[in-house]
Amino acid sequence: MVIPFFSEQLANINAIRATIAVDPAIPIEQSLTIKRNALCLNDNVIVDFDAFGAHLDPRVLTITLNDQEHDVKLALSKPMPKGSDDLLTRWTAKELQNMQGLSCRECQQRITSTNQFQSKDLPSEHWYELVECWICHEAKPEEHRARMQPISARAGMVLAGATYVLLHPQDLLPGSFAVDDTSHIKWDAGLSAKWIPFHCTQCEVPLGEGQYERGPDGELSLLAAKFYKYCIAVLPVEAPLPTFLEFFVYDLFDASKAHATYRFLIQGRQSKRVYALVWLFNVDTNIIYNRGFMDPNASDAVHHERVIKLLYMDCTQDDKTNQIEMWAKDKTADQLMYPESCCQLLVETLRQSTATMPPAARMMNNPAMTVLHNFSVGFVKR
């Protein structure tokens, strides 16, 4: 029978904080030991840390006794191996040099009519906001603004953003995608061109959004098409395809760097429904665990993941109107909008990660941190 185990790296103090669940009849202080870099309960190996590049200091083993779930602090003799701090986005311009087109990821319907493209990388989504930092000499503030124009789609070229590709309408197959409902669009407000979501005509899953203008006769004309990388496949298809969660993590990092923002409302692009409130708590940590807290009958296989740590409130269950309204009014919180299916996937992923933790650690209800009451702890791979 598996001994439930969960641990998280504490890089700032070079330690690992762990929780194990054992029978109350077992004298845990005498039975739990470190042998040959493995945490053992009597003669049973719970975790062999050699497999994960963690080197324990056998002289330090601090146990805090609880009813059944015992907290264990393990000291590391040296830091765990660390990967690159930078997040590398997928399908850069260099990777797309030999692209022969795009297709819908769900049904494989071809989207593009062109087989050959030039490719260029786009700057960060926040480049225009930061342009003031790049200008160190100007007589008048409006000088550079007069020369700054939005980056537009170009025929025969794929412009690669971090989480999407931008294409010109001339390179797209007519009838391969269709615009979503436009009845709610206020054409008289703001810019004349509007970004509106569109979907695959064959399977009806979201593909991206188009920049549309409405003519005097009410007809829509497409100026540019933005395809989400997590909704398409690049031809020829090479497995494995990048996942939505990879791009979600990139979005968190990008927004936090540009705006020093760590709180996000996760919102459905079509419904405008808020699926979760997310607080970016730790951008880089390691967790080592088995699935014993999730399922007492699980195998004793031990998993290691490099993750980001999030505090989140699931807004799909119960009424969270007050919390949502409070965050929506807060200028330090950003909105991240995704297709409904992606929002649902994110919430389910967070729930599953929470379930791997010991029950006492799944929720933030510390009396000293009332702002985080009812927020759950979750992880997403990075």
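Above this note sits the structure.
Small disclaimer: the values here were computed from a predicted structure and weren't measured.

Peer 1: An account of the sheet that holds strand β3 (residues 32-35) is requested, with residue identities and associated values reported.
Peer 2: Pairing between the strands of a sheet comes from backbone hydrogen bonds, and it takes one of two forms, parallel or antiparallel. Strand order in the open sheet formed by 3 strands is β3-β4-β5, with antiparallel pairing between adjacent strands. Edge strands, defined here as strands with exactly one partner in the open sheet, are β3 and β5 (44-48). Recorded for the sheet is a direction-independent mean angle of 30° between the axes of neighbouring strands. Of the pairings in the sheet, the one linking β3 to strand β4 (residues 38-41) comprises 4 bridges and is antiparallel in character. Directly across from Leu 32, in β4, lies its bridge partner Leu 41.

Peer 1: Quick rundown of the state of the cysteines? Include the residues and the values.
Peer 2: As used here, a disulfide is simply a covalent bond connecting the sulfur atoms of two cysteines. Considering all chains together, one arrives at 0 disulfides under this definition. No disulfide involves Cys 343; its sulfur sits 7.0 Å from the nearest other cysteine sulfur, which is in Cys 342.

Peer 1: Give a description of helix α4 (residues 244-259) that names residues and reports values.
Peer 2: Between the first and last C-alpha of α4 there are 22 Å, a value that for 16 residues agrees with the 22 Å anticipated at 1.5 Å per step. Those residues of α4 that fall on the buried side of the exposure criterion are Phe 244, Leu 245, Phe 247, Phe 248, Val 249, Asp 251, Leu 252, Phe 253, Asp 254, Ala 255 and Ser 256. Structurally, α4 contributes buried residues whose contacts are with β17 (263-268), β18 (274-289), β19 (303-314), β20 (333-338), α6 (340-355) and β22 (375-381). Ala 260 lies just past α4 and shows a positive phi near 50°.

Scoring rules and cut-offs
Residues numbered from 1 in each chain as written. Predicted model: local features only at pLDDT ≥ 70, side-chain atom pairs only at ≥ 80, totals over all residues. Heavy atoms only, no water. Pairing = 2+ DSSP bridges. Helix = DSSP H or I, 4+ residues; strand = E, 2+ residues; numbered from the N terminus. Axes fitted to C-alpha atoms, helices over the stretch in contact; angles between N-to-C directions. Disulfide = S-S within 2.5 Å. Expected span 1.5 Å × (residues − 1). Buried < 20%, exposed > 50% of the residue type's maximum accessible area, 1.4 Å probe, protein only. Contact = heavy atoms within 4.5 Å.

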